[in-house]
Amino acid sequence: MTSASRIDCLAIAHRFAAEPYDWPVAPRFRPGKRWSVRLLDRPDYEVWLTTWLPGQGTSFHAHDGGGAVHVMRGELIELVQPDDDGEPAAIHMLRSGFGRLLTPGRHRIVNQRPFVAVSVHVLAGRA
């Protein structure tokens, strides 16, 4: 199986973010847990739509195949962890209207702002 290149992941994320009226479902928000839906499932990549209420986030995890995120609304923070026990090595602001390649290794994404966020994620291979 061929995995999409990291550059392709970012281009795909931008394309999906630019066409929200083509999505099969509108974003929803769920108290207590992030809401996500897979918009596209291809052999070499997946596209996910995720909503984030204030305080919601992921645990530290890795995407072995790489990927990208495009924030459509709000702001998110990506915390990068060098290993299982380390402190965050880097913090990246993910602002509305912008995309970014996901950092290799373990990372965590969090909505630390007092307003909602909506993002499109493209994951290459199977994480």
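It should be noted that the structure appears before, not after, this text.
All of these numbers come straight from a predicted model, not from anything done at the bench. (Residues numbered from 1 in each chain as written. Predicted model: local features only at pLDDT ≥ 70, side-chain atom pairs only at ≥ 80, totals over all residues. Heavy atoms only, no water.)

Attention now moves to the pattern of salt bridges. Following the criterion strictly, the structure yields 5 salt bridges and no others. The salt bridge involving Asp-41 is made with Arg-38; its shortest N-O contact spans 3.8 Å. Residue classification places Asp-41 among the partly exposed positions, given a relative accessible area of 42%. When the shortest N-O distance is used, the salt bridge between Arg-95 and Glu-75 registers 4.0 Å. Of this pair, Arg-95 sits in strand S6 (residues 90–95) while Glu-75 sits in strand S5 (residues 75–81), and the two are 20 residues apart along the sequence. (Salt bridge = Lys/Arg side-chain N within 4 Å of Asp/Glu carboxyl O. Buried < 20%, exposed > 50% of the residue type's maximum accessible area, 1.4 Å probe, protein only. Helix = DSSP H or I, 4+ residues; strand = E, 2+ residues; numbered from the N terminus.)

Spatially, S3-S8-S5-S6 is the arrangement adopted by the 4 strands of the open sheet, whose pairing is antiparallel. Lying at the two open borders of the sheet, with one neighbouring strand each, are strand S3 (61–62) and S6. The pairing of S3 with strand S8 (residues 106–110) spans 2 bridges and is antiparallel. Across the sheet, His-61 pairs through a bridge with His-107, a residue of S8. (Pairing = 2+ DSSP bridges.)

Each strand in a sheet pairs with its neighbour through backbone hydrogen bonds, running either in the same direction (parallel) or in the opposite one (antiparallel). Spatially, S1-S2-S9-S4-S7 is the arrangement adopted by the 5 strands of the open sheet, whose pairing is antiparallel. The sheet is open, and its two edges are formed by strand S1 (35–41) and strand S7 (98–101), each paired on a single side. The sheet shows a mean angle of 20° between the axes of neighbouring strands, direction not considered. Relative to S7, strand S4 (residues 67–73) runs antiparallel, the two being bridged by 4 bridges. Of the residues in S7, the one forming a bridge with Val-69 is Arg-100. (Axes fitted to C-alpha atoms, helices over the stretch in contact; angles between N-to-C directions.)

Among the secondary structure elements, Val-69 is positioned in strand S4. Overall, the relative accessible area of 2% leaves Val-69 in the buried class. The contacts of Val-69, once residues within four sequence positions are left out, are Leu-10, Leu-94, Phe-98, Gly-99, Arg-100, Leu-102, Ser-119, Val-120 and His-121. (Contact = heavy atoms within 4.5 Å.)

Considering the arrangement of structural elements, one finds Gly-97 in the loop between S6 and S7. For Gly-97, a relative accessible area of 46% puts it in the partly exposed group. A C-alpha to C-alpha distance of 9.4 Å links Gly-97 and Glu-75, two positions 22 residues apart in sequence. Aside from chain neighbours lying at most four places away, what touches Gly-97 is His-70 and Val-71.

Bringing the nonpolar core into the picture now. The biggest cluster of nonpolar side chains holds 18 residues, and the ones touching the most others in it are Phe-16, Leu-39, Val-47, Leu-49, Val-120 and Val-122. Secondary-structure elements contributing two or more residues to this core are helix H1 (6–18), S1, strand S2 (45–52) and strand S9 (117–124). For this core, the element with the highest residue contribution is H1, accounting for 5 residues. In this structure, Leu-39 is in contact with Phe-16, Trp-23, Pro-24, Val-25, Val-47, Trp-48 and Leu-49, ignoring residues within four places of it in sequence. If you look at the next biggest cluster of nonpolar residues, it comprises 9 residues, including Trp-52, Val-71, Leu-76 and Leu-123. (Core = buried A, V, L, I, M, F, W, Y, C linked by side-chain atoms within 4.5 Å.)

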